[in-house]
Amino acid sequence: MSEESYYSVKMRAARGGAHISGAEKIVPASAVPKVASVLVERALTHAKGVPDFINLKVESQEGSLSRLKALKVTTHATRTAAEGRAVAAELLRGAGIGRADEILARFAESHSMRGAMLLDVDTLECLEPDPERGVRATYMDDVSSLQKGTAGGKNHYAEAIVLATKVQNAPGVVGEICVSDDPDYVTGYVATRELGYRRITVIKEKGDPNGGRIFLYRGPRDGVAETIRFLEQTPVLVTDVPVLAAVREEHRFDQLADALAAREKAGLSRYCRTLVAPTGPTAIVDGRELLVLASNDYLDLARDPRVMAASATAARTWGAGSGGSRLTTGTQPPHVRLESSLARFKGTEAALVYGTGYMANVGAITALVGKGDAILSDELNHASIIDGCRLSGADVLVYRHGDLDDLDRKLSLCREHRRRLVVSDGVFSMDGDMLDLPRFLEITRRHDAFSMVDEAHATGVLGGTGRGLSEHFGCGHPDILMGTLSKALGSEGGFICGSQLLIDYLRNVSRPFIFSTSPGAPALEAATAALEVLEAEPERVARLRENVALFVAELAKHGVETRSESAIVPILVGDEKAALAASAALETQGILVPAIRYPTVARGAARLRVALMSAHEPDQLCRAAAAIASCLKTTQGKR
Ligand SMILES: *Cc1c(COP(=O)(O)O)cnc(C)c1O
């Protein structure tokens, strides 16, 4: 700003001696008339009533104006007054203010003061000369309110930051704590020069009229007069005050923090655990070796030397990423090679690779059906199928899990729809049970519906050579056979196998295929190599099956009944927290078994979900079964 002289403009309005409103601004001379009129108008239209007295004071501040940068604002999302006060006390203690709890207790007194209490932070003596009036921080403004032309507007939040900034720059002041005296406003703050302005969303109970400000002073008694002079007389312009939009943004994040806290309370929080090793039957977590009963790398192919070498060679030959979507520049020989390998392996005419299995499900479903069509979906289908159904815009009829009579009945209700698509997991990911594919195909054909089966957990697991459900049952294929490269094939990516016509159609209309960068050659060549290993070593599939049989039998020996038709062995617990406790107890014994909870499974159907690998040793499985049985007895005994 220029050399123009500045004026402070102060307004106070009262009725019958009682305060109604007040405001102050520091503005250049040219803005004084406008600001004065805006402040008077504000006084006259205040919600607390019409004043009988308005004092407008305009004073020159020539030469003495100082500029301060606003304190940095941070929000602490608290839920209760007790929590808010605990946060405030903790912050003060962190700032070297030892008697924080006693200071907080002083609000009972400061409440009756018109200004703030000035407290010696160590002796807790009151230093303000007039205990009824207290100390007032005044002659201050937000620079940007001038620049934005909002000099007359009221912004409590910006005013609080301006005040806190001035106070923290006063000589001898080491902190401030403020609680609103508005019974409906439960937010407060703690400020120090180092911590900045720490907003605490809930610091008092709603309806509590007690509030006030306490300025915390540390220094010699003969410095107090200088401190008060600065607070009450030195004009200050504050720069870089966060704008209201940023404040609103913080409130948006408060809601997210609340949602997270609620999840935490219900035992539904989720964290990522870092496994420091290639995926395999064991892993290093926090420096400890754990037996992993949770990997989808069922055939131990992710770390197979041939698979890793293929991926490394691909990176050297074709680069790390593909550089484009499949229809532009993202098709390289590895993409073509894998698609023909997949079609051959599954015994279909053609195949199409997607970035992930999730995308393959969403991409196929949304391409095949839309408004005016019907989808029939098993109630326990994978989330990626559910999302595809929602996104498609088709009518979705959910049939009871595995209940093909229910499917048959519901299909009869959909004769008027343009197209019908029936979609099911081949192996259900949370229960490990299997779809009755022959009957599924019979019903869908009879109703002239497209059949779609997700073989994420069937590929490499079912059938003598791991080709999936069709091999297991010795029957034909569904119209749309979905699978993933990320489970038994040890890599990442998803695919659809089917007729050439189906694949040509998807290539033309499937949005996740068209509008996303194609997976890179290293992942794809790994999958192609994994298919070769699987075809050369079908005994991996047999070993996996033997491991499942052994593990289920061992559990039964210890009194835990379960069954599995795949590599997934569900152990039902029920209560979310009990499942978490069992999982945590197993981890202390060196066994990693995740607790699966809502929303992945229904509320109250929490479970331990064991996933086995061909590479697990029998003695590992015996030890794990015994440990699981004993943990379940302990946690269930407690309930
Ligand atoms: C894992 C899984 C998917 C998703 O496959 P990604 O390749 O991990 O995206 C789809 N369906 C089922 C049943 C799954 O278990």
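Okay, so let's go over this structure. Within each chain, residues carry numbers counting from 1 in the order of the written sequence. The model is predicted, so local features are restricted to residues of pLDDT at least 70 and side-chain atom pairs to those at 80 or more, both for listing and for counting; the totals for chains, interfaces and linings are taken over all residues. Each side-chain value is derived from all of the structure's non-hydrogen atoms; neither hydrogens nor water enter the calculation.

### Overview of the overall build of the protein chain
Then comes step 1: Helix numbers and strand numbers start at the N terminus; a helix is a DSSP run of H or I with at least 4 residues, a strand a run of E with at least 2. When helices and strands are tallied, the protein chain shows 21 helices and 25 strands.
Then comes step 2: At 35 Å, the protein chain has a C-alpha radius of gyration far larger than the 26 Å of a compact globule built from 639 residues.
Then comes step 3: Under the scheme applied here, a residue whose accessible area is under 20% of the maximum for its type counts as buried, over 50% as exposed, and between as partly exposed, the area being computed with a 1.4 Å probe on protein chains only. Taken across its 639 residues, the protein chain has 54% of its residues classed as buried.
Then comes step 4: The contact criterion used throughout is that any non-hydrogen atoms of two residues lie within 4.5 Å. Pairs at least 24 apart in sequence give 70% of the contacts found in the protein chain among residues at least 6 apart.
Then comes step 5: In short, Shrake-Rupley with a 1.4 Å probe defines the accessible areas, and a residue's cover is counted only from the protein chains shown. Summed over its atoms, the accessible surface of the protein chain is roughly 28300 Å², and 54% of this surface lies on carbon and sulfur atoms.
Then comes step 6: Residues scored as charged are limited to Lys and Arg (positive) and Asp and Glu (negative), so that His and the chain ends carry no count. For charged residues, the charge sits on one atom: NZ in Lys, CZ in Arg, CG in Asp, CD in Glu. Distance between charge centroids for the protein chain: 2 Å, based on 75 positive and 80 negative side chains. Note on method: radius of gyration uses C-alpha positions; expected globular size equals 2.2 Å times residues raised to 0.38.

### What about the sheet that holds strand 12 (residues 236-239)?
Neighbouring strands of a sheet are bound in pairs by backbone hydrogen bonds; such pairs are parallel or else antiparallel.
Then comes step 1: What makes two strands pair is DSSP finding at least two bridges between them. Across the sheet, 3 strands lie side by side as 4-12-7; this open sheet has parallel pairing. At either end of the open sheet lies a strand with only one pairing partner, and these are strand 4 (66-69) and strand 7 (140-142). When strand polarity is set aside, the average angle formed by the axes of neighbouring strands in this sheet is 30°.
Then comes step 2: Where strand 7 lies against strand 12, 3 bridges are found, and the strand directions are parallel. Bridged to Met140 within strand 12 is Val236.
Then comes step 3: All axes are obtained by fitting lines to C-alpha atoms, using only the stretch in contact for helices, and the reported angles, taken between N-to-C directions, cover 0 to 180 degrees. Sheet strands in contact with helix 6 (residues 156-168) are strand 4, strand 7 and strand 12, and its direction is about 130° off that of strand 7.

### Re the side chain of Asp300
Then comes step 1: Looking at the element boundaries, Asp300 is found in the loop between strand 14 (288-292) and helix 9 (305-318).
Then comes step 2: Each polar contact in these results corresponds to two N or O atoms within 3.5 Å; when the atoms are within protein, one needs to be able to donate a hydrogen and the other to accept it, and residues that are neighboring in sequence are counted only if both atoms are side-chain atoms. At a separation of 2.8 Å, a polar atom in the side chain of Asp300 contacts the side chain of Arg303.
Then comes step 3: Excluding its chain neighbours within four sequence positions, the residues that come into contact with Asp300 are Thr279, Gly280, Pro281, Arg540, Met613, Ser614 and Ala615.

### Quick notes on the site of the ligand
Then comes step 1: Any residue with a heavy atom lying within 4 Å of a molecule or strand is counted as near it. Taken together, 16 residues form the shell around the ligand, and within it Gly357, Asp454, His457, Thr484 and Lys487 come nearest.
Then comes step 2: In the complex, the protein chains occlude 86% of the 380 Å² of accessible area that the ligand would expose alone.
Then comes step 3: Those elements that place two or more of their residues in the shell around the ligand are helix 11 (357-368) and strand 20 (480-484).
Then comes step 4: Here the residues of the shell around the ligand sort into 3 nonpolar, 10 polar and 3 charged. Polar here means any residue other than Ala, Val, Leu, Ile, Met, Phe, Trp, Tyr, Cys and Pro, which are nonpolar, and Asp, Glu, Lys and Arg, which are charged; Gly is therefore polar.

### Concerning helix 20 (residues 576-588)
Every α-helical turn comprises 3.6 residues, leaving residues that sit three or four positions apart pointing alike.
Then comes step 1: Here helix 20 spans 19 Å end to end across 13 residues, near enough to the 18 Å set by a 1.5 Å rise per residue.
Then comes step 2: Every buried residue belonging to helix 20 is among Glu576, Ala578, Ala579, Ala582, Ser583, Leu586 and Glu587, and all of these are buried.
Then comes step 3: With its phi angle positive at about 85°, Gly590 sits one or two positions after the end of helix 20. Multiplying 1.5 Å by the helix residue count minus one yields the expected span of that helix.

### Structural notes on the packing of aromatic side chains
Centre-to-centre distance and the angle between the planes together describe a pair of aromatic rings.
Then comes step 1: Think of it this way: a Phe, Tyr or Trp ring, Trp meaning its six-membered ring, pairs with another when their centres are within 6.5 Å, and the plane angle makes it stacked under 30 degrees, edge-to-face over 60, tilted otherwise. Counted according to the given criterion, the structure contains 3 aromatic pairs.
Then comes step 2: Ring geometry for Tyr157 versus Tyr197: centroids 6.3 Å apart, planes at 75°, classification edge-to-face. With Tyr157 in helix 6 and Tyr197 in strand 10 (residues 196-200), this pair connects stretches of sequence that are 40 residues apart. Taken as a pair, Tyr157 and Tyr197 share a single burial class, namely buried.
Then comes step 3: With a centroid separation of 5.9 Å and 70° between ring planes, the pair formed by Tyr354 and Phe513 is classed as edge-to-face. Of this pair, Tyr354 sits in strand 15 (residues 350-354) while Phe513 sits in helix 17 (residues 511-514), placing them 159 residues apart in sequence.
Then comes step 4: What makes Tyr354 buried here is its relative accessible area of 1%.
Then comes step 5: Chaining the aromatic ring pairs together yields one cluster made of Tyr157, Tyr189 and Tyr197.
Then comes step 6: Positioned above the aromatic ring of Phe230, the side-chain terminus of Lys166 is 5.5 Å from the ring centre.
Then comes step 7: To sit over a ring, a charge needs its Lys NZ or Arg CZ within 6 Å of the ring centre and within 35 degrees of the ring normal. When the ring centre of Tyr598 is taken as reference, the NZ or CZ atom of Arg603 above it lies at 3.9 Å.

### With respect to the sheet that holds strand 14
Then comes step 1: Across the sheet, which stays open at both edges, the 3 strands sit in the order 13-14-23 with mixed pairing between neighbours. Every other strand in the sheet has two partners, leaving strand 13 (282-285) and strand 23 (591-592) as the edge strands with one partner each.
Then comes step 2: Here 2 bridges tie strand 14 to strand 23, and the two strands are oriented parallel to one another. Bridging from a neighbouring strand, Val292 pairs with Leu592 of strand 23.

### A word on the nonpolar core
Note on soluble globular proteins: their nonpolar side chains tend to be buried together.
Then comes step 1: Judged by nonpolar contacts, the single largest core of 81 residues is most densely connected at Leu293, Phe440, Phe551 and Ile628.
Then comes step 2: The contacts of Leu293, once residues within four sequence positions are left out, are Ile591, Leu592, Val593, Pro594, Arg609, Val610, Ala611, Leu612, His616, Leu621, Ala624 and Ile628.
Then comes step 3: Think of a nonpolar core as a cluster: buried Ala, Val, Leu, Ile, Met, Phe, Trp, Tyr and Cys residues, connected wherever their side-chain atoms sit within 4.5 Å. Membership of the second largest hydrophobic core comes to 33 residues, among which are Leu68, Ala137, Tyr157 and Tyr197.

### Digging into the environment of Asp395
Then comes step 1: Relative to the elements of secondary structure, Asp395 occurs in strand 17 (residues 395-399).
Then comes step 2: Put simply, Asp395 and Asp504 are 109 residues apart on the chain and 25 Å apart in space, counted from C-alpha to C-alpha.
Then comes step 3: In contact with Asp395, other than residues within four places in its own chain, are Asp373, Ala374, Ile375 and His417.
Then comes step 4: Within the structure, Asp395 has its side chain in polar contact with the side chain of His417 (distance 2.7 Å).

### Brief notes about a nonpolar patch on the surface
Then comes step 1: Patches draw on residues past 30% relative accessible area with no salt bridge. Two like charges within 9 Å are joined, as are two nonpolar side chains (Val, Leu, Ile, Met, Phe, Trp, Tyr) within 5 Å. Put simply, a salt bridge is a Lys or Arg side-chain nitrogen that is within 4 Å of an Asp or Glu carboxyl oxygen. Together, Leu44, Val50 and Ile54 line one region of the surface with nonpolar side chains, adding up to about 240 Å² of accessible area.
Then comes step 2: Positionally, Leu44 belongs in helix 1 (residues 32-44).

### Thoughts on the packing of helix 11 against helix 16 (residues 500-509)
Then comes step 1: Direction vectors running N to C along helix 11 and helix 16 enclose 95°, while the axes themselves pass 10 Å from each other. Looking at the two axes, helix 11 sits roughly perpendicular to helix 16. Between helix 11 and helix 16, the residues in contact are Gly363, Ala364, Ala367 and Leu368 and Leu502, Tyr505, Leu506 and Val509, respectively.
Then comes step 2: A per-class count over the contact of helix 11 with helix 16 returns 7 nonpolar, 1 polar and no charged. Orientation is classified from the angle alone, with under 35 degrees giving roughly parallel, over 145 giving roughly antiparallel, 65 to 115 giving roughly perpendicular, and any other angle giving oblique.

### Digging into the pattern of salt bridges
Pairing of side chains with opposite charge becomes possible as their charged atoms draw close.
Then comes step 1: Taken as a whole, this structure holds 34 salt bridges when the rule is applied.
Then comes step 2: Arg221 is the partner of Glu125 in a salt bridge, and the nearest nitrogen-oxygen pair spans 2.6 Å. Note that Glu125 is positioned in the loop between strand 6 (117-120) and strand 7 and Arg221 in the loop between strand 11 (212-217) and helix 7 (224-233), a separation of 96 residues in sequence.
Then comes step 3: Exposure remark for Arg221: the relative accessible area of 41% places this residue in the partly exposed category.
Then comes step 4: Of the charged contacts, one joins Glu455 and Lys346 as a salt bridge, the two residues approaching to 2.6 Å between their closest N and O atoms. Highlighted residues: Glu455 in the loop between strand 19 (450-454) and helix 15 (469-473) and Lys346 in helix 10 (residues 333-346), separated in sequence by 109 residues.
Then comes step 5: Classification of Glu455 by relative accessible area gives buried; the value is 3%.
Then comes step 6: Via salt bridges that share partners, Asp304, Arg306, Glu537 and Arg540 belong to a single interconnected network.

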